[in-house]
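Here's the letter readout for the chains.
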Amino acid sequence: MTKYILTILIYLVSVIFVNSQNEQVKGRYSNGERPKIGKISGRVIDKSQKTAIEYASIVLISARTGKAVTGGVTSEKGYFSLSEIPVGMYKVKISFIGYTEMIIDSVKLTPRTPEKQFGTLKLKSNVQGLGEVKIEGEKALFQNTLEKKVFNVEKDLTSEGGNVVEILENVPSIDVDMDGNVSLRGSQNVTILIDGKPSGLSGENRADILEQIPASSIESIEVITNPSAKYNPEGMSGIINIRLKKNKLRGTNGTVRLNAGTGDKYNGSLGINHRNGKFNIFANYSYRYNKRGFTRTSTLKQLYTDSVSYLNQLSDGYRGSYSHMLNGGFDYYINDKNTISFSAMYNDSERWRLYDIDYDYLDDTEILTKKVLRNNDNGRVGNNFNYSLDYRKEFEKPNTELNINGAYTNSISEKNGTYLENEYTALDSLLTPDYFYQKDNIYNNSQEYITSIDYVNALSKDSRFEIGYKTNIRLTDNELFSETFDYILDNFAPDTLMNNTYNYEEQIHAAYATYTNKFKKLSYTAGLRAEQVYTEFDLITTKEIYTNDYFQLYPSLHLSQELSNKQTVQLSYSRRVNRPSIRSLNPFVNFQDPLNLRVGNPKLNPEYINSIELGYEKKWEKTTILSSIYYKQINNMVQRVKTLDDNGISTVTYENLSSGTSYGVEFIAVVNPVKWQSFNANFNMYQTVLDGSNLDADLNSNSLGWNAKFISNTKLPQKTNLQVSFRYRSPRETTQGTILAMYNVDAALNKKILKNKGTIGVKVSDIFNTRKFAMELYDTNFEQNFEYNFESRIFYLTFSYRFGKMMDMDKKKRKRSDNRDSDDDMGM
């Protein structure tokens, strides 16, 4: 595979070189065509509020033929730029939902003056009511920029009524396992942000929080596989940033959504937004109740020096949860250059898991010798608070701004577990009259403080210099208390070997600088980030303290070369870090399953990753294809290691391997063959090479894996839409075994009702009930087969309704003016 990647690298570099040469030798009007050297740019803002309008449609129309030549949409800050335009005479049409369309005539581009800068263009609000809004265009499903890929997920029907985890399942490059753990290009070492901030999405509660965020509140998903120096370098595979919706139209409006699924699955949400000249206020509430059954099976063959034995395990039960989530905030526009924003998020949840485990012990002839039945009853209650305060100042110089942010997150949880266990003979007779009875309680309090300041100075139209500083402080307190019933004392006695208390503190102080510029059609960004980290793991129970303080530099470089015929080649490099989680550091043994123990390693060191990526994008009228080749070299790679002792008890821990290498290719295609049909597909193939010879030669591995996704969207008559999605993950090797293949198919259908204000829909997840996790493990003294089945084939019914009236503030002002206004003015 290395030879294939090198061949593709050489080919893409050759394409860049040949195109560059062709550009230089092309005549002024070769082949009778006008040279495509024109460029237009500008910024679109709201006329009354002076705020940027994102996703405004820009269309360039030929004055000679009256046909559209090219087009695009504005960025988050309202900027647009169209290039490779043939010289000639044009008109420009700017439009956005809720605003009066603007047309600029007589735009002339010549070989002498090929560029036209429009400066700031002001659109006037013209919204009478929600039912009268006419959408001029739709957001592109996929956008590729110098640093990130942006996926518009508002049209994802299969996640309708669901949560953000179900949205992520359909985003290219991203995978989600059956427990809600998110991975990017095959690695779970990924940083997840909400609106650019951590928001408590770290540690064991990350999957819980993601499941509580309704899909209806998500605007887009940003995937950053090779972040620049201005981003936090944590996360081996990159960053996933979840952008929440924030209504940009003035007035009061909202949405109600209800969803019900088979097997006791219900959720609903209410979102409301109000915007006037100075304030934008928003609030969202969601409720979710979910219950799912599951089974786990395991067959373990234990290989001793002079004998063989077997242990079969069967787990059967269900897990459930309910949660309330409330988030809201405001933007205060002090003037057209200064904005203060505040947001808060609160969620309260309860989760439970009840299941039985049957242990069957067999001898070397596979004859049953003993049985153990264990009953587990686990519950968890918790809440999460997140507050964020932002100040943004835009200077007179275009594209120059200052951003100051402060954020605080507090997550509190308490887990309670009850465990009962009985031993039986092969004939189902009790071996002991007294059953094993144990209870435990785990209290966790995690806090995170973030402060940052970022300054962007636009040096010219294409160049800018960015600097920033950020402090991140994480504090975690954890206490576990366990007790077992003592039949002699006739009371519960503390489990002194299990009980533990620890405090963990991590401080990260970072400063960065980046420089961006453009030379002809080559754009580039170079940056450097410096970080000083202080960590302290205080094991209060054993009076041990582990510290790990380190200083590191993280450089980055991004290059983007525009070729002819809507082609772009990108090359990027970044150095990243994957810091050990508290779970992987915690040295206290987890005895929740007495035959399958887990223990952390407080001496783990961070992983350091050097990441290189080469991408190629080609656009046609109805198709966009993006291909990437990536390579990651990992030092101190952290890997799970499983051992089995002579009593048949397995223990999972974590170790630093010498190194690891991961490289692969990825393809993303978006195809719109006709107006009523669209497809998008994603294919990712990767090779992982692990060197664990510093621990054991048997921990070396070399594995190949691949993932594929395919989504079809069809517009049917009567305002009906159909979406079908297919996902496949191939088998892949680990250091001690193989994870087997997994695949599933989902489908959804919805229809507009109630004058387009309402939508009713149905969806079915995992239609063929094929989604399951299976794994084969082996070492010198054991062989194990494991399978996990989670209730995944579910039928859902969904309903949503949009309400409200968005007023034209300019028109209201005109109505209050004197009666001498002309009829023409009143009718504008």
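Up top is the structure.
Let me begin by describing the structure that accompanies this report.

What counts and how
Residues numbered from 1 in each chain as written. Predicted model: local features only at pLDDT ≥ 70, side-chain atom pairs only at ≥ 80, totals over all residues. Heavy atoms only, no water. Core = buried A, V, L, I, M, F, W, Y, C linked by side-chain atoms within 4.5 Å. Buried < 20%, exposed > 50% of the residue type's maximum accessible area, 1.4 Å probe, protein only. Helix = DSSP H or I, 4+ residues; strand = E, 2+ residues; numbered from the N terminus. Contact = heavy atoms within 4.5 Å. Pairing = 2+ DSSP bridges. Axes fitted to C-alpha atoms, helices over the stretch in contact; angles between N-to-C directions. Patch = residues over 30% accessible without salt bridge, like charges linked within 9 Å, V, L, I, M, F, W, Y side chains within 5 Å. Areas by Shrake-Rupley, 256 points an atom, 1.4 Å probe, with all protein chains shown as cover. Salt bridge = Lys/Arg side-chain N within 4 Å of Asp/Glu carboxyl O. Phe/Tyr/Trp six-rings, centres within 6.5 Å; stacked < 30°, edge-to-face > 60°. Polar contact = N/O pair within 3.5 Å; in protein donor to acceptor, adjacent residues only side chain to side chain.

Quick word on the nonpolar core
Alright, step 1. Counting 29 residues, the largest nonpolar core has I174, I218 and I221 as its most contacted members.
Alright, step 2. When residues of this core are traced back to their parent elements, those giving at least two are α2 (164–168), β10 (174–176), β11 (182–184), β12 (190–194), β13 (218–224), β14 (238–244) and β35 (659–674).
Alright, step 3. Residue contributions to this core peak at four residues, all from α2.
Alright, step 4. Not counting residues within four places of it along the chain, the set of residues in contact with I174 comprises L168, E169, V182, S183, L184, I221, V223, I240 and K709.
Alright, step 5. Judged by nonpolar contacts, the second largest core, of 22 residues, contains L60, L82, I85 and V107.

As for the sheet that holds strand β1 (residues 36–46)
To summarise the sheet geometry, strands pair through backbone hydrogen bonds and adopt either a parallel or an antiparallel arrangement.
Alright, step 1. In space, the three strands of this open sheet follow the order β4-β1-β7, with mixed pairing throughout. Of all strands in the sheet, those with a lone pairing partner are β4 (79–86) and β7 (115–123), marking the two edges. Pairwise comparison of adjacent strand axes, ignoring direction, gives a mean angle of 20 degrees for this sheet.
Alright, step 2. Where β1 and β7 come together, seven bridges link them in parallel fashion. Bridge pairing in β7 places I40 opposite K116.

Section: the pairing of strand β44 (residues 782–790)
Alright, step 1. By the bridge criterion, nine bridges tie strand β17 (residues 279–303) to β44 in an arrangement that is antiparallel. Considered in β44, the bridge of T299 is made with N785.
Alright, step 2. Here strand β43 (residues 772–779) runs beside β44; their pairing, made up of eight bridges, is antiparallel. Along β44, the bridge assignment pairs F773 with Y788.

Comments concerning a nonpolar patch on the surface
Alright, step 1. There is a patch of nonpolar side chains on the surface, built from L716, L749, I760, V762, F795 and L797 and spanning about 460 Å² of accessible area.
Alright, step 2. In this structure, L749 sits in strand β41 (residues 742–753).

Describing the packing of aromatic side chains
Each aromatic ring pair is summarised here by two numbers: the centre-to-centre distance and the angle between the ring planes.
Alright, step 1. Tallying each qualifying case throughout the model produces 28 aromatic pairs.
Alright, step 2. With centroids separated by 6.3 Å and ring planes inclined at 20 degrees, the aromatic side chains of Y631 and Y663 adopt a geometry described as stacked. Within this pair, whereas Y631 is found in strand β32 (residues 623–635), its partner Y663 is found in strand β35, the two being separated by 32 residues in sequence.
Alright, step 3. By relative accessible area, Y631 is classed as partly exposed at 35%.

Let's talk about the sheet that holds β14
Alright, step 1. The strand order across the open sheet formed by five strands is β8-β9-β13-β14-β12, and the pairing between neighbours is mixed. Either end of the sheet is taken by a strand with one partner, and the two such strands are β8 (142–144) and β12. For this sheet the average axis-to-axis angle between neighbouring strands, irrespective of direction, equals 15 degrees.

Observations regarding the side chain of N273
Alright, step 1. Locating N273 in the fold gives a position in strand β16 (residues 265–275).
Alright, step 2. Within the structure, the side chain of N273 is placed 3.0 Å from the side chain of N280, a separation counted as a polar contact.

Observations regarding the environment of I367
Alright, step 1. Relative to the helices and strands, I367 resides in the loop between β19 (338–362) and β20 (368–394).
Alright, step 2. Taking the C-alpha atoms as reference, I367 lies 9.0 Å from A426; in sequence the two are 59 residues apart.
Alright, step 3. Setting aside its immediate chain neighbours within four residues, I367 contacts Y361 and L362.

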